[in-house]
Protein chains: 2
Amino acid sequence: MNIELICSGSELLTGKLNTHAGFIGEKLNDLGIGLSLVTTVSDRKAEFSQVLSDAVKRSSVIIITGGLGPTFDDITVETVSEILNIKTHKDETVANAIVQYFEKRGINCPASNNERQAQILDGAKVLENRFGTAPGQMLHFQYVVDENKKVRKTIFLLPGPPREMCPMFEENVLPFMRSYQVKMKKTLVLHICGMAESLVDEKIKPTINYLANNDDVEFAILAHNFLIDVKVSVSGENELTIDDTLKNINQEFINVLGDNIYGYGADTLEGVIQKMLVENKKTVSVAESCTGGLLAAKLTNTAGSSACFKQSVVTYSNESKMQLLGVKPETLEQFGAVSAETATEMLNGILNLSKADYAVSITGIAGPDGGTKEKPVGLVYIGISFNENHEVHKFKFLGTRADIRQRSVNVALDSLRRMILKTRTKKVKKDS
Amino acid sequence: MNIELICSGSELLTGKLNTHAGFIGEKLNDLGIGLSLVTTVSDRKAEFSQVLSDAVKRSSVIIITGGLGPTFDDITVETVSEILNIKTHKDETVANAIVQYFEKRGINCPASNNERQAQILDGAKVLENRFGTAPGQMLHFQYVVDENKKVRKTIFLLPGPPREMCPMFEENVLPFMRSYQVKMKKTLVLHICGMAESLVDEKIKPTINYLANNDDVEFAILAHNFLIDVKVSVSGENELTIDDTLKNINQEFINVLGDNIYGYGADTLEGVIQKMLVENKKTVSVAESCTGGLLAAKLTNTAGSSACFKQSVVTYSNESKMQLLGVKPETLEQFGAVSAETATEMLNGILNLSKADYAVSITGIAGPDGGTKEKPVGLVYIGISFNENHEVHKFKFLGTRADIRQRSVNVALDSLRRMILKTRTKKVKKDS
């Protein structure tokens, strides 16, 4: 069965973000039912008609959003009527409901306009709009394939504003779609850091290839600023089999990716760090230069971060590095502010200042200016410490100023995570 | 001329937000050129092929995003090759560039995978990817309408990640599209802070109503976390007339909005602040609690911020507020960490520590936990100072933890901007 979505509205072609496709796609995907195509089209009659008649040919279920309002450019009902050759009628119940909607708000209902919204396709079920005036419609119709064959198809007309469309979709379209749900589907998302996307791909390829002929298993890889997501979806009729398959795939991935997997599903890198720190009753402080507070902002992103985050300083100038963190003037002179030596002294400085268990320091050149041949834009030193364990790593990031700052933060978070993994009190695994 | 966009990627059908259509739609609209259709399709060969062959029939320019990466599900080049019946070849320059991209990062390029990205359509122009490995491609091709008629069409292949796609679009697709521009169109975006969206709407409505029948002038208002954008687009054949209209509308808006307008176009609140500070040779330091570094991160967002940003501290705990900023224990005990008194002492503390000209302090409850009846989630105190001028403002923000943090930062930036406006040495306006 093909399900397709048509989003009607010229504003969606001139810059307005289309959130319908994401919302509907996710809801259907959770049912294990795929959305096969999304088309965004203007509210000009000729173009909308063409898209709709193509859709009617190829799909069993067509969901249309937008174009149900009271104004001249709301052409969904009349276009569907023409393409399906199904008449419309004025629904008095709907017309009265619209008048009442206005009366409740102390406004006179503009008759001509709102009569438009009471036009219902013959045979359609009216879908109540709890957050606006334009009702939705659901219609089953016969599609003539050839003279010997007719098939039953379904079309949904939903309003454009997300606050009206989303509840109407959940209350009317989802229950209908559930009756078509043939298979159950579950999805596992693994979060990975510390490996290039292509290396992750190479490592998991044997598993993917092994399952290549199994249509019930789907894989996807997504990467952003050194954080990589691998998504595994398994469909089937038996929940135990699905769980078992997911568990086996996950184990294969753990075998090849190991500690590079930092979490699953809703986990974030900073959330995972916070959880480990709180569990181990440890604290962290950070000293930043080129990232200017972004690392601290991440570490305080998750509710409850006050339990493990002590303090941070942004020492942008040499003066503040010396004054706040006790970085020695001769270190700055001899090695420069962007050097392993300065990163180490920043680390010692923030540890002395805050008495935290873990500390992170970052110093680098975010650019676009300030680079030299010896110290180019993107050169970043990241220091991590726990007790006697001091590590300083050198990186060379590419990209814009924003990229370099974001990548520095992600790599610093991952370095901190690895330091915590290495130094925390070993716990007996409960689930093995 | 029809221009259509095909966004390829199964993730876009299963819940991931598609931002490409909005970005490309807006950029083309700014040229006065419409996007006629957007199709989102999975990376399964059969479906992608069908969509592409329909597009090739009906449109003169086809822009494809996604599917250029190194992995198994990246099928754009091979599908375009099949549908247009145009061969591909391995481009050695591209292949070398990819190897170098990896070498720069000290990683060995996995040969099999990255060879895939060096496959270029015969006759295509390679579009440099400054932020990733997969190059884009632009190809002009002959489309056979019937035996007597051929037309020249153009296809663009762009990478999927927005940070790679957006600059490549601006550098390659936009200049090409400009040659098709019939009417000239110019857009002015005003940035406003410190007023509710509905009040901005009320203030500018007379101008909008006055121009309601002029189809060459369009208005839009967008608001996000207390920052409001008003967009004015004017089309026409005569550049001088367009400039004149924009200038008049801008003057009307300045009359009613005044200092609430903080900038235009690419201006950011932090950029405007940085510009004023640098011009006046002044510096700023900040002390943050609930915003955890976000304000400092904003103030160091723009290149050159080291000229005016001295330092910042994130004092999340009471202990660090006392130790680093000298907040008195009795203040914390009597008034609490979230109070005007603590905000004032944080302000004094960061001024003493950093000797900056301007200082900002923020203390509040970002939630979701930690609120009480007297001090609910969203209560935030923001302190601003310059010399003897000390101000502390109390706010009650609604929304999620992320909203409250972001709104606090935006309001703190705007308060700092207004303090600088009030206290800076008056300059003779050059442009009046």
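Residues numbered from 1 in each chain as written. Chains lettered and ligands numbered in written order. Predicted model: local features only at pLDDT ≥ 70, side-chain atom pairs only at ≥ 80, totals over all residues. Heavy atoms only, no water.

Comments concerning the overall build of chain A
Our working definition: Counting from the N terminus, the helices are DSSP H or I runs at least four residues long and the strands are E runs at least two residues long. Computation of the radius of gyration draws on C-alpha atoms alone. For the globule rule, the value is 2.2 Å times the number of residues to the power 0.38. Note on exposure labels: buried denotes an accessible area under 20% of the residue type's maximum, exposed denotes more than 50%, and partly exposed covers the range between, all computed with a 1.4 Å probe on protein chains only. Two residues qualify as a contact provided that any one of their heavy atoms is within 4.5 Å of a heavy atom in the partner residue. Computed with a 1.4 Å probe, the accessible areas rest on the Shrake-Rupley method; for each residue, only the protein chains presented here act as cover.
Each helix and strand counted, chain A has 14 helices and 17 strands in total. Taking 22 Å as the expected radius of gyration for a compact globule of 432 residues, we find that chain A reaches 29 Å, considerably beyond that expectation. The principal-axis extents of the C-alpha atoms in chain A amount to approximately 85 × 55 × 40 Å. Burial statistics for chain A: of 432 residues in total, 52% are counted as buried. When contacts within chain A are restricted to residue pairs at least 6 apart in sequence, those whose partners lie at least 24 apart make up 68%. Of the roughly 19,600 Å² that chain A leaves accessible, carbon and sulfur atoms contribute 50%.

Some points on the packing of aromatic side chains
The way to describe two aromatic rings as a pair is by their centre distance and the angle between their planes. Residue and element names in this part refer to chain A. We apply this condition: The pairing test for Phe, Tyr and Trp rings, Trp by its six-membered ring, is centres within 6.5 Å, and the orientation test on the planes gives stacked under 30 degrees, edge-to-face over 60, and tilted for anything in between. Geometrically, a charge over a ring is one whose NZ (Lys) or CZ (Arg) sits within 6 Å of the ring centre while staying within 35 degrees of the ring normal.
By the definition in use, this model includes 15 aromatic pairs over all chains. Each ring, one from phenylalanine 156 and one from phenylalanine 176, has its centre 5.4 Å from the other, and the planes form 70 degrees; the classification is edge-to-face. Residue phenylalanine 156 is found in strand E8 (residues 149-158), and its partner phenylalanine 176 is found in helix H6 (residues 162-178); the two are separated by 20 residues along the sequence. Each member of the pair, phenylalanine 156 as well as phenylalanine 176, is classed as buried. Plain terms: the ring middles of phenylalanine 219 and phenylalanine 253 are 6.1 Å apart, the flat faces sit at 50 degrees to each other, and that makes the pair tilted. Of this pair, phenylalanine 219 sits in strand E10 (residues 217-224) while phenylalanine 253 is found in helix H8 (residues 239-257), placing the two residues 34 residues apart along the sequence. Taking relative accessible area as the criterion, phenylalanine 253 reaches 0% and is therefore assigned buried. One aromatic cluster in this structure is built from Phe226, Phe395 and Phe397. Between lysine 153 and the ring centre of tyrosine 143, over which it is positioned, the NZ or CZ distance is 4.2 Å.

With respect to the pattern of salt bridges
All names here are of chain B. Counted only if it meets this: Just to be clear on terms, a salt bridge is a Lys or Arg side-chain nitrogen sitting within 4 Å of an Asp or Glu carboxyl oxygen.
With the rule as written, the count across this model stands at 44 salt bridges over all chains. Glutamate 78 is the salt-bridge partner of lysine 45, the closest N and O atoms lying 3.0 Å from each other. Residue lysine 45 is found in helix H2 (residues 45-58), and its partner glutamate 78 is found in helix H3 (residues 76-84); the two are separated by 33 residues along the sequence. With a relative accessible area of 29%, lysine 45 lands in the partly exposed category. In this structure glutamate 78 comes out as partly exposed when scored by relative accessible area, which is 33%. For the salt bridge of lysine 45 with glutamate 82, the shortest nitrogen-to-oxygen distance reads 3.1 Å.

Regarding unusual backbone geometry
Among all residues except glycine, the phi angle is most often negative; among peptide bonds, the trans geometry is most common. Residues and elements named next belong to chain A. For the bond running from glycine 367 to proline 368, omega is 0 degrees, close enough to zero to count as cis. Considering the arrangement of structural elements, one finds proline 368 in the loop between strand E15 (358-364) and strand E16 (379-386). A positive phi angle, near 55 degrees, is found at asparagine 85, a position not held by glycine. Within the fold, asparagine 85 resides in the loop between helix H3 (76-84) and strand E4 (88-90). Positive phi, close to 75 degrees, is recorded for phenylalanine 226, a residue that is not glycine. Mapped onto the elements of the fold, phenylalanine 226 is located in the loop between E10 and strand E11 (227-236).

Looking at the pairing of E15 of chain A
All names here are of chain A. So the rule is basically this: For two strands to pair, DSSP has to find at least two bridges joining them.
Burial within E15 is extensive, with seven of its seven residues counted as buried. Neither face of E15 is left uncovered, since the one carrying Tyr358, Val360, Ile362 and Gly364 and the one carrying Ala359, Ser361 and Thr363 both have all their residues buried. Note that strand E13 (residues 284-288) and E15 share five bridges and pair parallel. Across the sheet, the residue bridging to alanine 287 is serine 361, located in E15. Examined bridge by bridge, E15 and E16 share seven bridges and lie antiparallel to one another. In the sheet register, glycine 364 faces E16, and the bridge partner there is valine 380.

Here's the deal with the environment of glutamine 119 of chain B
Inspection of the secondary structure puts glutamine 119 of chain B in strand E5 (residues 119-121). Sequence-distant contacts of glutamine 119 of chain B, defined by excluding residues within four places in its chain, comprise Val77, Thr88, His89, Lys90 and Gln137 of chain B.

Some remarks on the confidence of the model for chain A
All names here are of chain A. Threshold: The score called pLDDT rates the predictor's confidence residue by residue, from a low of 0 to a high of 100.
Taken over all residues, the pLDDT of chain A has a mean of 91, while the share at 70 or more is 97%. Considering each helix and strand of chain A separately, the mean pLDDT is smallest for helix H5 (residues 111-116), with a value of 69, and largest for strand E12 (residues 261-264), with 98. Overall fold confidence for the complex sits at a pTM of 0.78, while the interface term, ipTM, reaches 0.77.

Description of the sheet that holds strand E6 (residues 125-127) of chain B
Using the following cut-off: All axes here are fitted lines through C-alpha atoms, helices being fitted over the stretch that makes contact, and every angle between N-to-C directions spans 0 to 180 degrees.
Spatial strand order, E6(A)-E7(A)-E8(A)-E3(A)-E1(A)-E2(A)-E2(B)-E1(B)-E3(B)-E8(B)-E7(B)-E6(B): 12 strands in an open sheet with mixed pairing. In this open sheet, the two edge strands, each paired with only one partner strand, are strand E6 (125-127) of chain A together with E6 of chain B. Direction aside, neighbouring strands of the sheet carry axes that sit 25 degrees apart on average. Strand direction decides the pairing type here: strand E2 (residues 37-41) of chain A and strand E2 (residues 37-41) of chain B, joined by five bridges, are antiparallel. Looking at the pairing, threonine 40 of chain A lines up with valine 38 of chain B of E2 of chain B. The strands that helix H2 (residues 45-58) of chain A touches are strand E1 (3-8), E2, strand E3 (61-65), strand E7 (136-146) and E8 of chain A together with E2 of chain B; relative to E1 of chain A, the one it contacts most, it runs at about 170 degrees. Its contacts with the sheet put H3 of chain B on strand E1 (3-8), strand E3 (61-65), strand E7 (136-146) and strand E8 (149-158) of chain B, and the angle it makes with E8 of chain B is roughly 175 degrees.

Quick word on the interface of chain B and chain A
The criterion, for reference: Once two parts are joined, some of their accessible surface, as seen by a 1.4 Å probe, is lost; buried area is that loss totalled over both. We define a polar contact as two N or O atoms separated by no more than 3.5 Å, with the added condition that, inside protein, one atom must be a possible hydrogen donor and the other a possible acceptor, whereas residues neighbouring each other in sequence contribute only through side-chain atom pairs.
Taken together, the contacts link 65 residues of chain B with 71 residues of chain A. Each partner contributes to the roughly 5,300 Å² buried at the junction of chain B and chain A, and carbon and sulfur atoms together form 54% of this total. Linking chain B to chain A there are three salt bridges. Residue lysine 310 of chain B is joined to glutamate 319 of chain A by a salt bridge in which the shortest nitrogen-to-oxygen separation is 3.7 Å. Counting the contacts that link chain B with chain A gives 24 residue pairs in polar contact (both at pLDDT 80 or more). Sorting elements by how many residues they give to the side of chain B that touches chain A places strand E14 (residues 309-315) of chain B first, with six residues.

Things to note about the state of the cysteines
All names here are of chain A. Inclusion rule: Put simply, a disulfide is two cysteine sulfurs that come within 2.5 Å.
Tallied over the entire structure, the rule returns zero disulfides over all chains. In this structure cysteine 7 is a free cysteine whose sulfur lies 11 Å from that of cysteine 166, the closest cysteine sulfur available. With relative accessibility at 0%, the residue cysteine 7 sits in the buried group. In this structure cysteine 290 is a free cysteine whose sulfur lies 17 Å from that of cysteine 193, the closest cysteine sulfur available.

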